[in-house]
Amino acid sequence: MKFFIPALILSCLLALSCRHKPVIQPDINNACDTTNVSYRKSVQPILNRNCGSCHSSGDPAHGIILDNYKSVRIFAAEGSLYGAITRNGEYAPMPYDAPKLDVCSIATIHHRIMEGMKDN
Ligand code: HEC
């Protein structure tokens, strides 16, 4: 009982100090250069690396092919591509059964979609 009060105070202090820790948000603008994003050089390699094992022509998961511009454009336009990689709750989270893509990959894909999915 002698230690109960000090222990209680200590744990309150610990809880408080944890709550006030600043949340470090990744700075997309600094971490990632999206000034020269090209579909072929920037976006397709991300998709090949992270999605190619399941979404390539041949036997694509869910019928979704992500190995060429024409097909990727469809899923970018309907919103499922971005919804799946940002895990917005409306689409199945992708990559399937794997960690979320890194901030820079998501920013790169987002940038390309916002630019109207140019093919270059
Ligand atoms: C290990 C295999 C695998 C990988 C890797 C994978 N997917 Fe999928 N993907 C699936 C499966 C399986 C489904 C169907 C999931 C479902 O319906 O629950 C799917 C569905 C989707 C859908 C449709 C989601 C919906 O709810 O309509 C999109 C879009 C998609 N994937 C994009 C991607 C993207 C982009 C990547 C890479 C960043 C990726 N996938 C990586 C297996 C995979």
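What comes next is a walk through the structure. (Residues numbered from 1 in each chain as written. Predicted model: local features only at pLDDT ≥ 70, side-chain atom pairs only at ≥ 80, totals over all residues.)

### Re the overall build of the protein chain
Here is step 1 of the chain: Helix and strand content of the protein chain: 6 helices and 0 strands.
Here is step 2 of the chain: Listing the helices and strands of the protein chain from first to last along the sequence gives α-α-α-α-α-α.
Here is step 3 of the chain: Residues counted as buried form 14% of the 120 residues belonging to the protein chain.
Here is step 4 of the chain: Pairs at least 24 residues apart make up 57% of the contacts formed inside the protein chain by residues separated by at least 6 positions. (Helix = DSSP H or I, 4+ residues; strand = E, 2+ residues; numbered from the N terminus. Buried ≥ 20, exposed ≤ 12 C-beta atoms within 10 Å, placed from the backbone. Contact = placed C-beta atoms within 7 Å.)

### A closer look at the site of the ligand
Here is step 1 of the chain: Neighbouring residues of the ligand: 21 residues in total, closest Cys-51, Cys-54, Tyr-91, Met-94 and Tyr-96.
Here is step 2 of the chain: Mapped onto the shell around the ligand, the elements with two or more residues apiece are helix H3 (39–51) and helix H5 (80–86).
Here is step 3 of the chain: The element best represented in the shell around the ligand is H5, accounting for 4 residues.
Here is step 4 of the chain: Counted by class, the shell around the ligand contains 15 nonpolar, 5 polar and 1 charged residues. (Near = placed C-beta within 6 Å. Nonpolar A, V, L, I, M, F, W, Y, C, P; charged D, E, K, R; others polar.)

### Let's talk about unusual backbone geometry
Here is step 1 of the chain: Here Met-94 and Pro-95 are connected by a cis peptide whose omega angle stands at -5°.
Here is step 2 of the chain: Tracing the sequence through the fold places Pro-95 in the loop between H5 and helix H6 (103–114).
Here is step 3 of the chain: Even without being glycine, His-62 reaches a positive phi, approximately 65°.
Here is step 4 of the chain: Within the secondary structure layout, His-62 lies in the loop between H3 and helix H4 (69–78).

### Remarks on the environment of Asn-48
Here is step 1 of the chain: With respect to the element layout, Asn-48 can be found in helix H3.
Here is step 2 of the chain: A C-alpha to C-alpha distance of 6.5 Å links Asn-48 and Asp-67, two positions 19 residues apart in sequence.

### Some points on the packing of H3 against H6
Here is step 1 of the chain: Relative to each other, H3 and H6 sit at 125°, their axes nearing to 10 Å. By the angle between their directions, the pair H3 and H6 is classed as oblique. Note that H3 runs across H6; the crossing there is left-handed. Where H3 approaches H6, its residues Tyr-39, Ser-42, Val-43 and Ile-46 are matched on the opposing element by Ser-105, Thr-108, Ile-109 and Arg-112.
Here is step 2 of the chain: Partitioning the contact of H3 with H6 into residue classes produces 4 nonpolar, 3 polar and 1 charged. (Axes fitted to C-alpha atoms, helices over the stretch in contact; angles between N-to-C directions. Parallel < 35°, antiparallel > 145°, perpendicular 65-115°, else oblique. Left-handed = near helix turned anticlockwise from the far one by under 90°.)

### Side note on the environment of His-55
Here is step 1 of the chain: For His-55, the position within the fold is in the loop between H3 and H4.
Here is step 2 of the chain: For His-55 and Leu-66, which are 11 residues apart along the polypeptide, the C-alpha to C-alpha distance reads 5.4 Å.
Here is step 3 of the chain: Apart from residues no more than four positions distant in its own chain, His-55 is found in contact with Pro-60, Ala-61, Ile-64, Ile-65, Leu-66 and Asp-67.

### Examining the environment of Ser-42
Here is step 1 of the chain: Of note, Ser-42 is situated in helix H3.
Here is step 2 of the chain: Aside from chain neighbours lying at most four places away, what touches Ser-42 is Val-37 and Thr-108.

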